[in-house]
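Residues per chain, in single letters:
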Amino acid sequence: LFALLSAKRLASFARRKFVLRRVPKAPESVPVLGHALTLMRNVPWDKFCEWKSKCGPVVRVNIMQKELILIDDPALLKQVFQSRMQRYSKDVDFSYYPFMCLLGTGLVTAEGKLWRRQRSMVSVHFRVEILDEIVGISMKGALRLAKKLEAIRGTGDHVPLAEEFRHLTLQVIGEAILSMSHEEADKVF
């Protein structure tokens, strides 16, 4: 049984490496740590944008032997999140791990039958019109957060990003579903 499980893991690892070999790898990688040091010494989002401009809309990043794919192409994102969603798994053990205390096992992190069940339970409460509004609401919230972070940039001050993203998420939900202002959402949530 152990040999079978090991062989399955090895085959999965080899397949992943084979498929990912065509994806351009971001520069500045070092053995074992990969891009971790580069990301720690820089603003990660800025570095991602720099790599995207050098390598194209799909970039492979290695952090502590964990390979991540950055995608900045609407058609590819649609494939990942909609048309071929079943081919891609959510990385709750690495990418989502720091946010699991906020996300729990809801729609964002759930997969398969659990995701479909949760999605059907929630969908009856949402109006289709929200989809038209949500982009603008999200953009306003993201711009407010960007302005706040820009004011802090270079000061060395600590920014609790998990808390900032929690507030942003609740502001968008509060405005889209409950018609609250972002200030009101911050007070309530």
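Placed above this text is the structure.
Before going into details, it helps to say that this report is about the structure given with it. As the structure is a computational prediction, the values presented were derived from the model and not from experiment.

Our next topic: the packing of aromatic side chains. The final tally for this structure, using the stated rule, is two aromatic pairs. A centroid spacing of 5.4 Å and a plane angle of 80 degrees characterise the contact between tryptophan 45 and phenylalanine 48, whose relative ring orientation is edge-to-face. Of this pair, tryptophan 45 and phenylalanine 48 both sit in helix α3 (residues 44–55), separated by three residues, roughly a single helical turn. On the basis of relative accessibility, which here comes to 56%, the residue tryptophan 45 falls in the exposed class. On the basis of an interplanar angle of 45 degrees and a centroid distance of 6.1 Å, the ring pair of phenylalanine 48 and tryptophan 51 is categorised as tilted. Taken together, the positions of phenylalanine 48 and tryptophan 51, both in helix α3 and three residues apart, correspond to about one turn of that helix. Among the aromatic residues, those joined into a ring-pair cluster are Trp45, Phe48 and Trp51. The ring of phenylalanine 18 has arginine 21 lying over it, and the distance from NZ or CZ to the ring centre is 3.8 Å.

This part is about the side chain of threonine 38. Position of threonine 38 relative to the elements: it lies in helix α2 (residues 36–41). Residue class for threonine 38 comes out buried when judged on its relative accessible area of 3%. The contact partners of threonine 38, leaving out residues within four places of it in the chain, are Glu28, Lys47 and Trp51.

Here the focus is the nonpolar core. Ala26, Ala36, Leu39, Phe48, Trp51, Val59, Val61, Ile63 and Leu68 form the largest nonpolar core, which has nine residues in total. A per-element tally of this core places strand β1 (residues 58–63) first, with three residues. Setting aside its immediate chain neighbours within four residues, valine 61 contacts Ala26, His35, Leu39, Trp51, Lys66, Glu67, Leu68 and Leu70. Ile130, Ile137, Val172 and Ala176 belong to the second largest nonpolar core, which has six residues in total.

This part is about the packing of helix α7 (residues 129–152) against helix α8 (residues 161–178). Between α7 and α8, whose axes approach to 9 Å, the crossing angle comes to 150 degrees. Handedness of the crossing formed by α7 with α8: right-handed. On α8, the residues touching Ile130, Glu133, Ile134, Ile137, Ser138, Lys140, Gly141, Ala142, Arg144, Leu145, Lys148 and Leu149 of α7 are Leu161, Glu164, Phe165, Leu168, Gln171, Val172, Glu175, Ala176 and Ile177. Partitioning the contact of α7 with α8 into residue classes produces twelve nonpolar, three polar and six charged.

Okay, the state of the cysteines next. Working definition of a disulfide: a covalent bond connecting the sulfur atoms of two cysteines. A full pass over the atoms with the stated rule returns zero disulfides. With no disulfide partner, cysteine 55 has as its closest neighbouring cysteine sulfur the one in cysteine 49, 13 Å distant.

Here we take up the pairing of β1. In terms of burial, β1 is largely enclosed, as six of its six residues are buried. Bridge count for β1 against strand β2 (residues 66–71) is six bridges, and the pairing is antiparallel. The partner of valine 58 across the bridge, within β2, is isoleucine 71. Between β1 and the antiparallel strand that follows it, β2, lie two residues; methionine 64 among them carries a positive phi value of about 55 degrees.

Cut-offs used in this document
- Residues numbered from 1 in each chain as written.
- Predicted model: local features only at pLDDT ≥ 70, side-chain atom pairs only at ≥ 80, totals over all residues.
- Heavy atoms only, no water.
- Phe/Tyr/Trp six-rings, centres within 6.5 Å; stacked < 30°, edge-to-face > 60°.
- Helix = DSSP H or I, 4+ residues; strand = E, 2+ residues; numbered from the N terminus.
- Buried < 20%, exposed > 50% of the residue type's maximum accessible area, 1.4 Å probe, protein only.
- Lys NZ or Arg CZ within 6 Å of the ring centre and 35° of its normal.
- Contact = heavy atoms within 4.5 Å.
- Core = buried A, V, L, I, M, F, W, Y, C linked by side-chain atoms within 4.5 Å.
- Axes fitted to C-alpha atoms, helices over the stretch in contact; angles between N-to-C directions.
- Left-handed = near helix turned anticlockwise from the far one by under 90°.
- Nonpolar A, V, L, I, M, F, W, Y, C, P; charged D, E, K, R; others polar.
- Disulfide = S-S within 2.5 Å.
- Pairing = 2+ DSSP bridges.

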